[in-house]
Every structure is written in C-alpha cells, then in structure tokens.
Amino acid sequence: MAEAKANRILKYDILPDGLLTNRQVFTNMGSDGMTIDDRGNIYLTGDGVTVFDKSGQKIAHFPIPEDWTANVCFGLYHL
C-alpha cells in the first residue's frame, strides 16, 4: 500500500480469508503508482521509476525527463 504523503510503502501478510495482518514498512519512499513483475520486483513511480526486489532492496532507478511520473505498466511487443 502506498502512502505518498508519508513517503513509505507498506506491506502486509494476507490471511486465507483475505484479511490483512503483520503491517510493515516495505520502503521509505512514497509513490504515485506501482506495479509488480513476474519475479516479484516492485516498480514505484515519483522521481522516475525505482525498482525494489521483494525484500525491499533497491535494485534499479530509471530517470524520466519530467518533473513527476505517476503510472507504470508493462506491455508486450511482437514482431
């Protein structure tokens, strides 16, 4: 869950009945948008796109030549 104004991303465990438990800070970076890839990496927007592995380690940053990025998504390209 993104808390942009608090500058953090939260993570939870999901119980079998769908309830959330074990609230923890995933990273101290806010975000206006996020997505996840098939390896569990989290892509957060804001100052470009910053990528974290599923343990919360920052693994990449893609600068974007704009003041703010708000959304990120993946697409497939076929020739």
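Remember, predicted model here, so these are calculated numbers, not experimental data.

Draft legend 1. Broad picture of the overall build of the protein chain. A tally of regular secondary structure across the protein chain gives 0 helices and 7 strands. Listing every helix and strand of the protein chain by position from the N terminus yields β-β-β-β-β-β-β. The principal-axis extents of the C-alpha atoms in the protein chain amount to approximately 40 × 35 × 20 Å. Within the protein chain, residue pairs in contact and separated by at least 24 positions form 21% of the contacts whose partners lie at least 6 positions apart.

Draft legend 2. View of the pairing of strand β6 (residues 48-52). For β6, the buried fraction is high: 5 of the 5 residues fall into the buried class. Residues of β6 alternate between two faces, with G48, T50 and F52 on one and V49 and V51 on the opposite face, all of them buried. Judged from the 5 bridges that link them, strand β5 (residues 42-46) and β6 form a sheet pairing that is antiparallel. Across the sheet, residue Y43 finds its bridge partner in β6, namely V51. Counting the residues in the hairpin turn of β5 and β6 gives 1 residue. As judged from the 4 bridges shared by β6 and strand β7 (residues 58-62), these two strands associate in the antiparallel manner. Paired with F52 across the two strands is K58, which belongs to β7. Between β6 and the antiparallel strand that follows it, β7, lie 5 residues; G56 among them carries a positive phi value of about 100°.

Draft legend 3. Examining the sheet that holds β5 more closely. Strands sit in the order β4-β5-β6-β7 across an open sheet of 4 strands; the sheet is antiparallel. Since the sheet does not close on itself, it has two edges, and those belong to β4 (34-36) and β7, each with one partner. Direction aside, the axes of adjacent strands within the sheet are offset by 20° on average.

Draft legend 4. Molecular detail of the packing of aromatic side chains. Counted by the stated rule, this structure contains 1 aromatic pair. Judged by centre distance (6.1 Å) and plane angle (70°), the ring pair of F26 and F52 falls under edge-to-face. A residue pair is termed long-range when its members are at least 10 positions apart, and F26 in strand β3 (residues 20-27) and F52 in strand β6 qualify at 26 residues. With a relative accessible area of 12%, F26 lands in the buried category.

Draft legend 5. Representation of the sheet that holds strand β1 (residues 2-3) in the model. Spatially, β1-β2-β3 is the arrangement adopted by the 3 strands of the open sheet, whose pairing is antiparallel. Here the strands that pair on one side only, and so sit at the sheet edges, are β1 and β3. Pairing analysis gives 2 bridges linking β1 to strand β2 (residues 8-14), with the strands arranged antiparallel. Within β2, the residue paired with A2 across the bridge is I9.

What counts, and at which threshold
- Residues numbered from 1 in each chain as written.
- Predicted model: local features only at pLDDT ≥ 70, side-chain atom pairs only at ≥ 80, totals over all residues.
- Heavy atoms only, no water.
- Helix = DSSP H or I, 4+ residues; strand = E, 2+ residues; numbered from the N terminus.
- Contact = heavy atoms within 4.5 Å.
- Buried < 20%, exposed > 50% of the residue type's maximum accessible area, 1.4 Å probe, protein only.
- Pairing = 2+ DSSP bridges.
- Axes fitted to C-alpha atoms, helices over the stretch in contact; angles between N-to-C directions.
- Phe/Tyr/Trp six-rings, centres within 6.5 Å; stacked < 30°, edge-to-face > 60°.

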